[in-house]
Amino acid sequence: MENKKSYALLILIIFSAFLFSILGQYWNSQYYQNDAASTSSSPPLVSAMRGFHDKLYFADISSFQAGYAINNLSTAPTKKQKEIAVQTEDTILCKIASELSKGESISVSSYIDDLPIQPDTLDFTTATEDYFDDACFIGDSRTVGISEYSGIENATFLCKTSLSIYDYNKPKITYEDKKMSIHDILAEKQFAKIYLMVGINECGIGTAESFYERYRDVVADIRSLQPEALIFLQGNLLITESKSEESEDITNENILIRNKLIASLANQKDIFYIDINDSSLCADGALVSDYTWDQVHIKAQYYPLWKDFLLQHAIIKN
């Protein structure tokens, strides 16, 4: 009887090691860019332990619950876009065929006007307060502060304390007396401007790379749901130097890493990056301590500075 228990335990250990090795290989390729090569001294099991330490299971669980798949920000063209592309191509080919049949010479430049126009990059300008009337703000407790103390009156705020990028598909927002997900709200109502700021709560979850992949997917989804909206990606506000030094996960270094990844998604055409850390709220790479009551959130009287900074970074299409 004792031997049977020993064999069962041995089989359980071997089976568990096998499963964790598979998990380690998955996390290594998915989150660590295969930088943890499998060797005799560093088997896949090591990557699994590293993943558990980095809490990657939170990212995987959130991904599964949200039902999303990792993809590129450049989404596939819609049916309408494909039809327009085909029509444009057919028009050009017909013109070329007609000129060839007449024995006329072909000039490539003569067909430039028939090609789809690529939007030019746009520059920030200053706007008045009614600029926010058709805007939607998405974010965590900092955005809650903007909604309550900045003086922005008519915008829509989809924000909640501790909101993270992994909550995008979860019914956590009360909208028109119903609990809804941000995704479903954006699918229901169109906005001219979308402001997104999340990332500080995710500093202790997974890696910067796993955060970026989820953030990128969310931006792609917002782009598809709000095709006419300008999307403003706000960099996360830094914390005070003393708070950063005493924390293991939520540090200014980790915030800046995530902000850099967020900024890489901006194209200055319809997606823009705004860094609030360039405002007077921060100095020497940290949040000014006199402006905060807990070293993380700013005092109510300073939120108008945030509003003014956003108004100085407006995009107005001609």
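Parameters at a glance
Residues numbered from 1 in each chain as written. Predicted model: local features only at pLDDT ≥ 70, side-chain atom pairs only at ≥ 80, totals over all residues. Heavy atoms only, no water. Helix = DSSP H or I, 4+ residues; strand = E, 2+ residues; numbered from the N terminus. Buried < 20%, exposed > 50% of the residue type's maximum accessible area, 1.4 Å probe, protein only. Contact = heavy atoms within 4.5 Å. Areas by Shrake-Rupley, 256 points an atom, 1.4 Å probe, with all protein chains shown as cover. Polar contact = N/O pair within 3.5 Å; in protein donor to acceptor, adjacent residues only side chain to side chain. 1 Å grid on protein atoms, 1.4 Å probe; cavity = no way out; pocket = protein on both sides within 12 Å on 5 of 7 lines; lining within 4 Å. Points joined across faces, edges and corners; volume = space filled by probe spheres on them. Nonpolar A, V, L, I, M, F, W, Y, C, P; charged D, E, K, R; others polar. Core = buried A, V, L, I, M, F, W, Y, C linked by side-chain atoms within 4.5 Å. Phe/Tyr/Trp six-rings, centres within 6.5 Å; stacked < 30°, edge-to-face > 60°. Lys NZ or Arg CZ within 6 Å of the ring centre and 35° of its normal.

Peer 1: For this particular structure, what's the right way to read the overall build of the protein chain?
Peer 2: Secondary structure summary: the protein chain contains ten helices and nine strands in total. Across the 318 residues that make up the protein chain, the buried fraction comes to 41%. Taking the contacts inside the protein chain whose residues are at least 6 apart along the sequence as the reference set, 68% of them involve residues at least 24 apart. With an accessible surface of roughly 17,800 Å², the protein chain has 54% of that area assigned to carbon and sulfur atoms.

Peer 1: What's the story with the side chain of Asn277 in this structure? I'm lost.
Peer 2: With respect to the secondary-structure elements, Asn277 resides in the loop between strand S7 (271-274) and strand S8 (282-283). Judged by relative accessible area, which is 12%, Asn277 ranks as buried. In terms of polar contacts, Asn277 uses its side chain to reach the backbone amide nitrogen of Leu238, at 2.8 Å. Contacts of Asn277, omitting those with residues within four sequence positions, involve Asn236, Leu237, Leu238, Asn259 and Cys282.

Peer 1: Sorry if this is basic, but what is going on with empty space enclosed by the protein here?
Peer 2: Tallied over the entire structure, the rule returns one cavity of 30 Å³ or more. Around the largest cavity, the lining residues are Ile138, Leu163, Ser164, Ile165, Tyr168, Ile182, Leu196, Val198 and Val218. For the lining of the largest cavity, the residue count by class is eight nonpolar, one polar and no charged.

Peer 1: Any chance you could explain the environment of Leu287 here in plain terms?
Peer 2: Within the secondary structure layout, Leu287 lies in strand S9 (residues 286-287). We classify Leu287 as buried; its relative accessible area is 4%.

Peer 1: What is the right way to look at the nonpolar core in this model?
Peer 2: Where a protein is soluble and globular, its nonpolar side chains tend to be buried together. Formed by 33 residues in total, the largest nonpolar core has its most connected members in Tyr131, Phe132, Phe137, Tyr195, Phe232, Leu237 and Trp306. Going through the elements one at a time, strand S1 (135-139), strand S5 (193-197), strand S6 (230-234), S7 and helix H10 (303-311) are the ones with two or more residues in this core. The greatest single-element share of this core, amounting to five residues, is contributed by H10. In contact with Trp306, not counting residues within four places along its chain, are Arg142, Ile146, Met197, Gln234, Leu237, Ile276, Leu281 and Ile298. By size, the runner-up hydrophobic cluster in this structure holds 30 residues, among which are Tyr175, Leu186, Leu196 and Leu265.

Peer 1: I would appreciate a short explanation of the packing of aromatic side chains in the present structure.
Peer 2: Describing an aromatic ring pair means giving the distance of the ring centres and the angle of the ring planes. Taken as a whole and assessed by the stated rule, the structure comprises twelve aromatic pairs. Note on Phe211 and Tyr215: the rings are 5.5 Å apart at their centroids and 50 degrees apart in plane angle, and the pair reads as tilted. Remark: Tyr215 and Phe211 occur in helix H7 (residues 208-225); sequence separation between them is four residues, near one turn of the helix. A cation sits over an aromatic face here: Lys193 above Tyr131, 4.2 Å from the ring centre.

Peer 1: Can you help me understand helix H5 (residues 141-149) in this one?
Peer 2: An α-helix turns once every 3.6 residues. As a result, residues three or four positions apart point the same way. Within H5, the full set of buried residues consists of Ser141, Arg142, Thr143, Val144, Gly145 and Ile146. Where the residues of H5 are buried, they touch S1, strand S2 (156-159), S5 and H10.

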